[in-house]
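# Architecture and fold: a report
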Amino acid sequence: MATILDVQQLLKRFGIFVYIGDRKTNLEMMEVEIKELYHSNLINIQEFQKAVLLLRSEIQHENNSGRTGDR
């Protein structure tokens, strides 16, 4: 698992499609869904860790790119 598309494909395996319209909110909702899959024992620890790491990295990137004029 190396990209957000991989995370989306993982969710798709379970019939989960996330589209809210806002990229950051989409990423946060995907993280919630991944946690639910893990807590339900539907994905293993490696899939969970990789997916959450990717999602959090992208969320952080979205947070940083949203800042304008910060010094």
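Before reading on, note that the structure itself is shown above.
### Section: helix α3 (residues 45-65)
The end-to-end C-alpha separation of α3 is 30 Å, in line with the 30 Å expected for 21 residues at 1.5 Å each. Along α3, the positions that sit buried rather than exposed are E47, F48, A51, V52, L54, L55 and I59. On an axial view of α3, the arc spanned by its buried residues comes to 165°, and they lie on one face. At its buried positions, α3 is contacted by α1 (4-13) and α2 (23-39). Near the N-terminus of α3, the side chain that reaches the backbone nitrogen of Q46, with its oxygen 3.0 Å away, is that of N44.

### A look at the environment of A51
Along the chain, A51 turns up in helix α3. Judged by relative accessible area, A51 falls into the buried class, the value being 0%. In this structure, the C-alpha to C-alpha distance between A51 and M1, residues 50 residues apart in sequence, is 7.2 Å. What A51 contacts, discounting residues up to four positions off in sequence, is M1, V7 and I34.

### Topic: the pattern of salt bridges
A pair can form between side chains of opposite charge whenever their charged atoms are brought close. Within the structure shown, the criterion is met by five salt bridges. Linking E58 and R23 is a salt bridge whose minimum nitrogen-to-oxygen distance equals 2.7 Å. Of this pair, E58 sits in helix α3 while R23 sits in helix α2; the two residues are 35 residues apart in sequence, bridging distant segments of the chain. Classification of R23 by relative accessible area gives partly exposed; the value is 39%. Put simply, E31 and R56 hold a salt bridge, and the shortest N to O gap is 2.9 Å. Placement of E31 in helix α2 and of R56 in helix α3 is noted, with a sequence separation of 25 residues between them.

Parameters and conventions
Residues numbered from 1 in each chain as written. Predicted model: local features only at pLDDT ≥ 70, side-chain atom pairs only at ≥ 80, totals over all residues. Heavy atoms only, no water. Helix = DSSP H or I, 4+ residues; strand = E, 2+ residues; numbered from the N terminus. Expected span 1.5 Å × (residues − 1). Buried < 20%, exposed > 50% of the residue type's maximum accessible area, 1.4 Å probe, protein only. Arc of directions from axis to C-beta. Contact = heavy atoms within 4.5 Å. Polar contact = N/O pair within 3.5 Å; in protein donor to acceptor, adjacent residues only side chain to side chain. Salt bridge = Lys/Arg side-chain N within 4 Å of Asp/Glu carboxyl O.

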